[in-house]
Amino acid sequence: MSCGFEENNLRDPLILGIESSCDDTAAAVIRGRELLSDEIISSAQIQAKFGGVVPEIASRAHTDAVSEVVARALAAANVKKEELNAVAVTYGAGLLGALLVGLSFAKGLAYALNIPLIAVNHIRGHLAAAYLEDKTLRPPFVTLLCSGGHTAVLYAKTETEFEVLGGTRDDAAGEAFDKVARVLSLPYPGGPHVEALAREGSPSVPLPRMLKGVGGYDFSYSGLKTAVINYVHNAEQRGESWSRADLACSFQHAALDILVEKTVQAAREKAVQTVTAGGGVVANGYLRERLQEECDRAGLRLVLPAKKRCTDNGAMIAAEGLIRYRAGEFSPLSVNASPSLPLRRSPI
Ligand code: KG4
Ligand code: ZN
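The shown structure was predicted, so the numbers you read here are calculated from the model rather than taken from an experiment.

Parameters and conventions
- Residues numbered from 1 in each chain as written.
- Chains lettered and ligands numbered in written order.
- Predicted model: local features only at pLDDT ≥ 70, side-chain atom pairs only at ≥ 80, totals over all residues.
- Heavy atoms only, no water.
- Pairing = 2+ DSSP bridges.
- Helix = DSSP H or I, 4+ residues; strand = E, 2+ residues; numbered from the N terminus.
- Axes fitted to C-alpha atoms, helices over the stretch in contact; angles between N-to-C directions.
- Contact = heavy atoms within 4.5 Å.
- Near = heavy atom within 4 Å.
- Polar contact = N/O pair within 3.5 Å; in protein donor to acceptor, adjacent residues only side chain to side chain.
- Areas by Shrake-Rupley, 256 points an atom, 1.4 Å probe, with all protein chains shown as cover.
- Nonpolar A, V, L, I, M, F, W, Y, C, P; charged D, E, K, R; others polar.
- Domains from an automatic or database assignment.
- Donors = N, O, S within 2.8 Å, 3.2 Å for Na, K, Ca; no water.
- Buried < 20%, exposed > 50% of the residue type's maximum accessible area, 1.4 Å probe, protein only.
- Core = buried A, V, L, I, M, F, W, Y, C linked by side-chain atoms within 4.5 Å.
- Buried area = accessible area lost by both parts, 1.4 Å probe.
- Salt bridge = Lys/Arg side-chain N within 4 Å of Asp/Glu carboxyl O.

The subject of this paragraph is the sheet that holds strand S8 (residues 162-167). An order of S8-S7-S6-S9-S10 is seen for the five strands of this open sheet, with the pairing classed as mixed. Edge positions in the sheet fall to S8 and strand S10 (301-303), since each of these pairs with one other strand and no more. Direction aside, neighbouring strands of the sheet carry axes that sit 25° apart on average. In this sheet, strand S7 (residues 151-156) lies alongside strand S6 (residues 141-146) in antiparallel orientation, the contact comprising six bridges. Bridging from a neighbouring strand, Val142 pairs with Tyr155 of S7. Helix H8 (residues 244-269) contacts S6, S7, S8 and strand S9 (274-278) of the sheet and is inclined by roughly 160° relative to S6.

Next comes the structure, spelled out in structure tokens:
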């Protein structure tokens, strides 16, 4: 494929990143590791009426938003599309119709501009977000990856190679926040609402804690979720009053403390100096504080993406695109969306 790479083999290329895997249509421009713009149009408010993401509504919202969000990202970066060196776009995992909107748009742009297309694994994008936060960040490091679909501790050996040290055996942490939010009659997406409610409570409700020594770096959230549901049912059946804020706070501690412990433990075992994190749950203030405290205590450097770049965004896709660009790994225009792309699969 003629992709113009030979002419554009730059150390600090201008890359447009496009993300449309779920309910956010996002685009960003980077020059090397410098973030020039980061725009988002979200359909979360529309989805909230349905209590979750309705795939057809998401696809339609992306179709309405994609041109606009890309135009905004280019304008905010003060960059003309003709100046771009590559287009990076999420091709999986995610909702098929939603992915196809961003992917088709990116293909059209790459073809028209005769520049490389870089198909990005969404979850690798969450991992790459930290590179934009601190330009001195270099592997090796340990990463906590925590989103609506994934919960894992990774050891990043190089920018392109990593080892999954452990992951969730059932629900992802974000999924648990969303389910507990429903039990507490909080709107979608649950995480930020549970966090806000938890700030008004204390961790006084006894909930099961995941066993520290068991399962290496694996996690399990189904028991905790069931315990929250049972607590509410039992209290209501007995006619006892209970505090929503205390339950939210207790759940938040039980769900997040173990992530912090296992991440720091992994950093010690791998003898790295640096810890990073990514994914929507890392926008949680309590998790960020606890990670900072424990990394300080262990003498580890912590690099956290800004909250806005923990939840889905275009900048993280551009950041992973940069890694692929420097490795000379481009995608053919025939690349298809991959709704259940696993974390481990190397990109196209
Ligand atoms: O990374 P993300 O935006 O999308 C996926 O790739 O899944 O993560 C979304 C998840 C949702 O489950 C949402 O409830 C959770 O991240 N989340 C939070 C917070 N903000 C988003 N969970 C806890 N606290 C938050 N502040
Ligand atoms: Zn995500």
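For the rest of this paragraph, the subject is the site of ligand 1. Around ligand 1, the structure places 20 residues, and the nearest of them are His126, Gly148, Asp178, Glu195 and Gly280. One of the side-chain nitrogen or oxygen atoms of His122 is found 3.1 Å away from an oxygen atom of ligand 1. Glu195 places a polar side-chain atom, nitrogen or oxygen, 2.8 Å from a nitrogen atom of ligand 1. Protein burial of ligand 1: of its 560 Å² of free accessible surface, 87% is covered by the chains. Of all the elements in the fold, those that place two or more residues in the shell around ligand 1 are helix H4 (122-133), helix H5 (173-183) and helix H6 (190-198). Examining the composition of the shell around ligand 1, we find that four residues originate from one element, H6, more than from any other. The residue inventory of the shell around ligand 1, partitioned by class, reads five nonpolar, 12 polar and three charged. Two domains each donate at least three residues to the shell around ligand 1, and these are domain 1 (6-128 + 311-326) and domain 2 (136-309).

Turning our eyes to something else, we now look at the coordination of the zinc ion (ligand 2). Protein coordination at the zinc ion (ligand 2) comes from His122 (NE2), His126 (NE2) and Asp312 (OD), with a distance range of 2.0 to 2.1 Å. In the primary structure, the donors to the zinc ion (ligand 2) are separated according to the pattern H-x3-H-x185-D. In this pair, His122 is assigned in helix H4 and Asp312 in the loop between S10 and helix H10 (314-326), connecting sequence segments 190 residues apart. Comparing His122 with Asp312 shows no difference in burial state: the two are buried.

What follows deals with the nonpolar core. By size, the foremost hydrophobic cluster in this structure holds 54 residues, and its most contacted members are Tyr221 and Phe251. Of all elements in the fold, only S6, S7, H5, H6, helix H7 (222-237), H8, S9 and helix H9 (285-298) reach the threshold of two or more residues within this core. With 14 residues, H8 is the single largest residue contributor to this core. Beyond its immediate sequence surroundings of up to four residues, Tyr221 is in contact with Thr151, Thr168, Asp170, Asp171, Ala172, Ala173, Ala176, Met210, Ala255, Ile258 and Leu259. Listed in part, the 32 residues of the second largest apolar core include Leu137, Leu154, Ala156 and Ile323.

On to the domain arrangement of the protein. In terms of domains, the protein is made up of domain 1 (6-128 + 311-326) and domain 2 (136-309). Using only C-alpha atoms to locate each centre, domain 1 and domain 2 end up separated by 27 Å. Buried surface at the junction of domain 1 and domain 2, both sides included, amounts to about 1,800 Å², of which 56% is carbon and sulfur. For domain 1, the biggest contributors to the area lost against domain 2 are Arg33, Leu127 and Thr311; these three give 31% of the whole. Viewed at the interface, domain 2 and domain 1 are joined by two salt bridges. It is H4 that provides the largest number of residues to the side of domain 1 that touches domain 2, a total of four residues. Class assignment of the residues belonging to the side of domain 1 that touches domain 2 gives a composition of eight nonpolar, six polar and five charged.

Most of S6 is tucked away: six of the six residues are buried. Because side chains alternate across S6, one face comprises the buried residues Phe141, Thr143 and Leu145, and the other comprises Val142, Leu144 and Cys146, equally buried. The loop that links S6 with its antiparallel partner S7 comprises four residues. Bridge count for S6 against S9 is four bridges, and the pairing is parallel. The partner of Leu145 across the bridge, within S9, is Gly278.

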